[in-house]
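Reading the structure
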Amino acid sequence: MSVYVQVTINGDEFLTLQVRRVTNTDPRVGGTPEDEVNTYEVRAFSTFRKQAIGPVLARVEHRYGDGMIALSRKALEAFERLDASVRTR
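Cut-offs and rules
Residues numbered from 1 in each chain as written. Predicted model: local features only at pLDDT ≥ 70, side-chain atom pairs only at ≥ 80, totals over all residues. Heavy atoms only, no water. Helix = DSSP H or I, 4+ residues; strand = E, 2+ residues; numbered from the N terminus. Buried < 20%, exposed > 50% of the residue type's maximum accessible area, 1.4 Å probe, protein only. Contact = heavy atoms within 4.5 Å. Pairing = 2+ DSSP bridges.

As for the environment of Val60
Here Val60 lies in strand β5 (residues 58-63). With relative accessibility at 9%, the residue Val60 sits in the buried group. Spatially, the C-alpha atom of Val60 lies 6.6 Å from that of Glu41, the residues being 19 residues apart in sequence. In this view, Val60 contacts Asn38, Thr39, Tyr40, Val42, Leu71, Lys74 and Ala78; residues no more than four positions away in its chain are not counted.

Some thoughts on the pairing of strand β2 (residues 12-21)
Within a regular beta strand, the side chains point alternately toward one face of the sheet and then the other, so they alternate between its two faces. In this structure, strand β1 (residues 2-9) lies alongside β2, joined through eight bridges in antiparallel fashion. Counterpart to Val3 in the pairing with β2 is Val19. Counting the residues that bridge the hairpin from β1 to β2 gives two residues, and of these Asn10 lies at a positive phi of roughly 50°. Note: β2 against strand β3 (residues 37-46), seven bridges, orientation antiparallel. Bridge pairing links Thr16 to Phe45 in β3.

In structure tokens form, the structure reads like this:
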């Protein structure tokens, strides 16, 4: 399952970040334990250009119990750390 973070400016969608878990991806009885830390890949898609912005931008570590908002924040911070030339492709 992926989390999608959409950045919209004045009603126009500008950017979508896809955050996809890449460790412990098999379904388990009882779901994911709260204290489990997993690795997630962050990809960015330019909505204006309708294309991916490069390959996987970053991998982030995240404790499942910290929730979706914390994971979204990590994805946005990873995107912000990129060189400006990559962000505007």
